[in-house]
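Here is how the chains run, residue by residue.
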2 protein chains.
Amino acid sequence: MDEQERMEQGTGETLHPDLISSVNQDMPDEEMLYDLAELFRIFGDSTRIKILYVLFEAEMCVCDIAELLRMTQSAISHQLRVLKQSKLVKFRREGKTIYYSLADDHVRTIIGMGMEHLCE
Amino acid sequence: MDEQERMEQGTGETLHPDLISSVNQDMPDEEMLYDLAELFRIFGDSTRIKILYVLFEAEMCVCDIAELLRMTQSAISHQLRVLKQSKLVKFRREGKTIYYSLADDHVRTIIGMGMEHLCE
DNA sequence: ATAACATATGAACAGATGTTCAAATGAAAG
DNA sequence: CTTTCATTTGAACATCTGTTCATATGTTAT
C-alpha cells in the first residue's frame, strides 16, 4: 500500500476526514435546505402540478379547474390553499367567484427545468 | 327543467365552458405531468436535498455522507437508492467503497432555480 | 329576510413516506 | 475459509399527505 492509498483510505475513524470537514464548512444552513425541500415538495404532487400547468394558460376560478381536472371542487380548493401559502399562486375576487393565477414567472421556469430533465 | 333554462347556462353546468375546452386541448398528457410531479417529489425531502447538495462539491461514499449529515448509513443508503432510480446520481465501485456523484448538471440547475425563488 | 351559488374548512380515513433495526450481500485481507 | 468493512435490503413503525364528506363562510339576487 503506497502513500496515496493510505491517504485515501484513512486510518480507521472516517474514510475521508479531510473531505468531510471541508464540505462541512461550505454547507448552507439547515433551515435554508429545509425550505428548499419544502418548495420542491409543493411541486411534487400531480394535482398541484396540473393546477399550475392549467394556470399557465389563463387565470381561472376553482370550479373551472375542478372540471378541467375532473376532481371535486373541495380537493382543488385544498390544494389551492397549499399553493397560496407557498406564494406560488395569487387570487382576486370578482363577486362570488375567485380567480386564481400564477404568482410569478419562477413557477414557469422551475417547471420548465423539470420538463427539460425529463426529455432526455 | 325545460329547454330554455338549459340554453341559458343558468343550470349549474359550467362557469366558463369555452375556456375549459380551449385549455383542455393544450394539456400535455397525464403521464408526463405525473412524471414531472414525481421528479419534483424526489427533491422534496430535506435528506435528499442535503445529499445532492453535498455531492455538488465532490463525489463521496455512503459513510462520508452519513457522517456529514449525522444520519445512519442505512437511511442514507435508502435515499441514495431513490436518487439512483431517478437518475439523479450515479456511482462507481472502488474496492469495498462505492462513490456517488451527481448524474448531470440538471440537478444543479433545478436546485439553483429553487434557491432563486426562495431569495426574494 | 331567504335562496342560490362559489368557495373554504375541519375531521376522518386510506395510502404513501422516511427512519430504524436486524440481517444479508459483496469485496478485500489475513 | 473466515473476518472485517462498506453497503444494501426488507420489515416494522410512526408520521405525513391527499381526498372525501359534511358543513360553514361569504356574495349576489330575489
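In what follows, the structure referred to is the one given above.
Residues numbered from 1 in each chain as written. Chains lettered and ligands numbered in written order. Predicted model: local features only at pLDDT ≥ 70, side-chain atom pairs only at ≥ 80, totals over all residues. Heavy atoms only, no water.

### So, the relation of the copies chain A and chain B
Part 1: Rotating chain A by 180° and translating it 0.0 Å along the rotation axis places it on chain B, where the RMSD comes to 0.1 Å. Here the two chains are linked by the operation of a two-fold rotation axis. (Least-squares fit on C-alpha atoms with pLDDT ≥ 70 in both.)

### Brief notes about the protein's contact with DNA strand D
Part 1: Looking at DNA strand D, there are 27 residues lining it, with Thr47, Arg48 and Gln79 of chain A together with Gln73 and Tyr100 of chain B nearest.
Part 2: Put simply, 61% of the atoms of DNA strand D that lie within 4 Å of the protein are in sugar or phosphate.
Part 3: In the environment of DNA strand D, a base oxygen lies 3.2 Å from a nitrogen or oxygen atom belonging to the side chain of histidine 78 of chain A.
Part 4: Here a phosphate oxygen of DNA strand D and a side-chain polar atom of glutamine 79 of chain A are 2.7 Å apart.
Part 5: At the level of secondary structure, the elements contributing two or more residues to the surface near DNA strand D comprise helix 4 (46–57) and helix 6 (73–85) of chain A together with helix 5 (62–69), helix 6 (73–85) and strand 3 (97–102) of chain B.
Part 6: In terms of residue count, helix 6 of chain B provides more of the surface near DNA strand D than any other element does, 6 residues in total.
Part 7: When grouped by side-chain class, the residues that make up the surface near DNA strand D number 8 nonpolar, 11 polar and 8 charged. (Near = heavy atom within 4 Å. Polar contact = N/O pair within 3.5 Å; in protein donor to acceptor, adjacent residues only side chain to side chain. Helix = DSSP H or I, 4+ residues; strand = E, 2+ residues; numbered from the N terminus. Nonpolar A, V, L, I, M, F, W, Y, C, P; charged D, E, K, R; others polar.)

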